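Residue-level listing of the chains:
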Amino acid sequence: MGEKVSITDVGPRDGLQNQPGILNVEERLKLIRAVAAAGVTAIEVGSFVSPKAVPAMAGTDQVVAGAKSDGSYKPSALIPNLKGYELAREAGVGTVAMVVYASETMARENAKMSGQQAMDITRSIVSLAIEDKIEVTATIAVAFACPFEGATAPDSVARLTAELLEMGVNNVVLADTIGAADPQHARMLTSRLVDSHGAASIGCHFHDTRAMGLANVYAAIESGIRKFDACIAGLGGCPFAPGATGNVATEDVVMMLEQMGFDTGIDLRKLMAASDLAAELTGNAPGGRASAWLKPRLDRF
Ligand code: COA
Ligand code: ZN
């Protein structure tokens, strides 16, 4: 068995939040179950955000209720504020992903707050979450570049990461929200953070806008990162970040890592069935870049 890499499929949240068509709770659960059936052990099943801001994520409480009964994977949910935390706790989700920001404009556009407010709220959430036995991931949005402010200073991300880990978050995820990172940037930033804090609590979330998603995953692997977000069928995108397209596809990440000898614990054949389902349900999934090659050869996996 190779070295383990853990993958969180964020398709049911990042993927579905940006779709022109809105899936109902049963359809969202069908997709989640298909991803789980492939052996994915962490799935971001939705978000507790204003349904006026993101109509596709309304009903995430019902999705969590349906997801919890499974037990084969850890459901998590994205939250933007304290109200989101309270709703996530009431729904019974075990992990929340609170969003913080490496740019002021993105903080305002996404959550109508300042970067400092998002950090202060995260600190409050961490103290509640310890009592509630809920894990907190802090996702640093626009960690590489911001659609409004341009390139993000690595010093800002380093400062935020240190402060988040000091306040007690369980994991920090560096999000390339608009898919602007290149492998050199990814390697430089991740190796700096791994040098300072180790790799155990740091993950990466790459969008594939400029076709560098997999290369960025590899660069982060070289720095020692072993936790990645990815989206089934390459879905994904942020409604508040102009220019963001899909995340790196889970099936591409699994194929690359398994071929390199890592152990993701994920069955690629079943994952491709989940990818087909995502395409069928959304009518709009880009699919993994390797799909055309993979599909006729699935009996090899
Ligand atoms: N979940 C559900 N509803 C929420 C909420 C949450 N986490 N936070 C606030 N609300 C509701 C309030 O109850 C209020 O409802 P009402 O109009 O029925 O009274 C309404 O949203 C406005 O509340 P307010 O605190 O003034 O929020 P806002 O207008 O300043 O918007 C956010 C801030 C964060 C709630 C909103 O911008 C949001 O949900 N954004 C989503 C961000 C996102 O999902 N981005 C993509 C992923 S990173
Ligand atoms: Zn994203």
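Scroll up to find the structure.
Residues numbered from 1 in each chain as written. Chains lettered and ligands numbered in written order. Predicted model: local features only at pLDDT ≥ 70, side-chain atom pairs only at ≥ 80, totals over all residues. Heavy atoms only, no water.

Caption draft 1: View of the pattern of salt bridges. Applying the stated criterion across every chain yields a total of 12 salt bridges. Measuring nitrogen to oxygen at the nearest pair gives 2.8 Å for the salt bridge that ties Lys4 to Asp263. Here Lys4, found in the segment before β1 (6–9), pairs with Asp263, found in the loop between α10 (250–259) and α11 (268–282); they are 259 residues apart in sequence, far enough to count as distant. Classification of Lys4 by relative accessible area gives exposed; the value is 60%. (Salt bridge = Lys/Arg side-chain N within 4 Å of Asp/Glu carboxyl O. Helix = DSSP H or I, 4+ residues; strand = E, 2+ residues; numbered from the N terminus. Buried < 20%, exposed > 50% of the residue type's maximum accessible area, 1.4 Å probe, protein only.)

Caption draft 2: Examining the coordination of the zinc ion (ligand 2) more closely. Around the zinc ion (ligand 2), the donor atoms from the protein are Asp14 (OD), His205 (NE2) and His207 (NE2), and they sit 2.0 to 2.1 Å away. In the primary sequence, the donor residues of the zinc ion (ligand 2) line up as D-x190-H-x1-H. As far as burial versus exposure is concerned, His205 and His207 are alike and both buried. (Donors = N, O, S within 2.8 Å, 3.2 Å for Na, K, Ca; no water.)

Caption draft 3: Region of the structure containing helix α2 (residues 25–37). In this model, α2 (13 residues) spans 18 Å end to end at C-alpha, consistent with the 18 Å of a helix rising 1.5 Å per residue. Among all positions of α2, only Val25, Arg28, Leu29, Leu31, Ile32, Ala34, Val35 and Ala36 are buried. Close packing links the buried residues of α2 with β1, α1 (11–15), β2 (42–47), α3 (60–68) and α11. Near the N-terminus of α2, the side chain that reaches the backbone nitrogen of Glu26, with its oxygen 3.1 Å away, is that of Asn24. (Expected span 1.5 Å × (residues − 1). Contact = heavy atoms within 4.5 Å. Polar contact = N/O pair within 3.5 Å; in protein donor to acceptor, adjacent residues only side chain to side chain.)

Caption draft 4: Here's a closer look at the site of ligand 1. Close to ligand 1 lie 18 residues, the nearest being Phe48, Ser50, Lys52, Asn81 and Asn110. Here a nitrogen atom of ligand 1 and a backbone polar atom of Phe48 are 3.0 Å apart. The backbone of Val49 places a nitrogen or oxygen atom 3.3 Å from a nitrogen atom of ligand 1. In isolation ligand 1 offers 930 Å² of accessible surface; the protein chains occlude 67% of this area. Put simply, the parts of the chain that give the shell around ligand 1 at least two residues each are α4 (82–91) and α5 (104–111). Of the residues belonging to the shell around ligand 1, the class tally is nine nonpolar, five polar and four charged. (Near = heavy atom within 4 Å. Areas by Shrake-Rupley, 256 points an atom, 1.4 Å probe, with all protein chains shown as cover. Nonpolar A, V, L, I, M, F, W, Y, C, P; charged D, E, K, R; others polar.)

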